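Working through the structure, step by step
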Amino acid sequence: MMTDGAVTEPIDEGETATIVSDIAVVGGGLAGSLAAAVLARAGHRVALVDKRAIYPDEFRVEKIGGHQLELFRKLGFLNALEDVACRYDQVLNIREGKVVDVSVGQAYGFPYADLVAMARRQIPDPSHLIVDEVTAISNSDDVQHLELASGRRVTARLVVLATGMAGVLGYKLGIRRRVLAERHSVSFGFTIARRDGTPFDFEALTCYGERTADGIDYLSLFPVRTGTRANLFMFRDPTDPIMRELRREPEATVLRLLPGLQDYLGDFRVTDRVQNWVMDLTVVEGHLQSGVVLIGDAFQTNCPAAGTGVARLLVDVDRLCTEYAPRWLMTAGMGREKISQFYSDRDKIAADQQSLKMARFRQALTSRNDIGWDVRRRLHFLRRSLTHRVDQMHPGWLGRVRGALRA
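Residues numbered from 1 in each chain as written. Predicted model: local features only at pLDDT ≥ 70, side-chain atom pairs only at ≥ 80, totals over all residues. Heavy atoms only, no water.

1. Topic: the overall build of the protein chain
When its secondary structure is counted, the protein chain shows 13 helices and 17 strands. For 407 residues, the compact-globule formula gives about 22 Å, and the C-alpha radius of gyration of the protein chain, at 23 Å, lands near that figure. Looking at the protein chain residue by residue over its 407 residues, the buried ones come to 53%. For the protein chain, the proportion of contacts with a sequence separation of at least 24, taken over those separated by at least 6, is 69%. Here the protein chain displays about 18600 Å² of accessible surface, and carbon together with sulfur accounts for 51% of that area. Seen as two clouds, the 53 positive and the 51 negative side-chain charges of the protein chain have centres 5 Å apart. (Helix = DSSP H or I, 4+ residues; strand = E, 2+ residues; numbered from the N terminus. Rg over C-alpha atoms; globule rule 2.2 N^0.38 Å. Buried < 20%, exposed > 50% of the residue type's maximum accessible area, 1.4 Å probe, protein only. Contact = heavy atoms within 4.5 Å. Areas by Shrake-Rupley, 256 points an atom, 1.4 Å probe, with all protein chains shown as cover. Lys, Arg positive; Asp, Glu negative; His and termini not counted. Charge placed at Lys NZ, Arg CZ, Asp CG, Glu CD.)

2. Some remarks on the pattern of salt bridges
Side-chain pairs of opposite charge can arise where the charged atoms are in close proximity. Applying the stated criterion across every chain, the model contains 31 salt bridges. With a shortest N-O distance of 2.9 Å, R312 and D352 are connected by a salt bridge. Of this pair, R312 sits in helix α9 (residues 309–329) while D352 sits in helix α11 (residues 346–367), placing them 40 residues apart in sequence. Owing to a relative accessible area of 1%, R312 belongs among the buried residues under this scheme. (Salt bridge = Lys/Arg side-chain N within 4 Å of Asp/Glu carboxyl O.)

3. Some remarks on helix α2 (residues 67–75)
Residues three or four positions apart in an α-helix share a direction because the helix packs 3.6 residues into each turn. Looking only at α2, the buried set comprises Q68, L69, L71, F72 and L75. All buried residues of α2 project into a common sector of 160 degrees when viewed along the axis, lining one side. Exposed residues lying more than 90 degrees from the buried face of α2 are H67 and K74. On its buried face, α2 sits against α1 (30–41), β4 (63–65), α3 (78–84), β6 (98–109), α4 (112–121) and α9. G76 occupies a position one or two residues after α2 and carries a positive phi of about 85 degrees. (Arc of directions from axis to C-beta.)

4. What to know about the packing of α2 against α9
At a closest axis distance of 9 Å, the pairing of α2 and α9 adopts a crossing angle of 25 degrees. Between α2 and α9, the angle falls in the class roughly parallel. In this structure, α2 meets α9 at a crossing whose hand is left-handed. Of the residues in α9, those touching α2 at Q68, L71, F72, K74 and L75 are V310, A311, L314, V315, V317, D318 and T322. (Axes fitted to C-alpha atoms, helices over the stretch in contact; angles between N-to-C directions. Parallel < 35°, antiparallel > 145°, perpendicular 65-115°, else oblique. Left-handed = near helix turned anticlockwise from the far one by under 90°.)

So this is what it looks like as structure tokens:
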């Protein structure tokens, strides 16, 4: 069902105006804003409901690259991404102060709030964003009804929940979140600069943890438009005193945990507030319901260190908004048999499973100290180092080998 009219349509100008839409997207972070943009650009009537007109400066995903960029390109957002992000093409990877290898490939760094703002700008009409809070959802096989804090109502054939880990609305619908790994990982984000104002000698750098007892997976340094951003990923008890030290004395604490960084950073300082995030690995249950579909972290959380969250999110947006939702709107009804098609999608399932697999792998590779994982860890970095050395002696051979394997 397509339309050339406005995305939202007030039908009652009384005290409790009702907004009629094809699809109501609840939650205006990255997942919800991208989904709303894809659907609105395709001509569907979309209401994006979020309580914030401008998304706040929160520590979330701050860099993307590789396959994620292909998904951005497929969805038509790559050019807009380039307008708000800082591109880099090479990452120096080190461990214990020594070069492991150099990653080559297009990537981008950005503040999360800028990425959300970019996504919202892709929605054809700014009025499609309803700055309000959804307090209740009544779902059925036909039409869904949303109650807003302002007293307004939204009706839609389909509701997309993109509320991240905020599960109040889902809970009211009987959707529960099952914890797979409580306090699975801890992430820190902050910006750094040299005290003398000179630039760092690298475009981007990743420093891997040196000791399993420290629980450090890696520190990623990459450019954003305001400077050099640092993302530190750890598998450690978030109540450990080291967490407080990282917030209060980040420079000294980072160098104590990663002494091999000193030669690469020199005399540096943290230029902004240190933010941190504790992540549980969770999945939802009871989510197969008429008229409602969950995407992104609202469906399943991920480990930030694994770098799979954006890919999962983009797969959800792509499959739902370019394949299933348009097809569902062409016929009557929005029952569970339709909704189940999205949750059963092969690409979605693969992305979800890969995300959980990588979360467990990163934790084990970082923290497990039994002999099996110790050997595996040594071989992991040895293989990368040897491959890098051979590629230095015979430039381009690795690319040729990979190309031959794909042929």
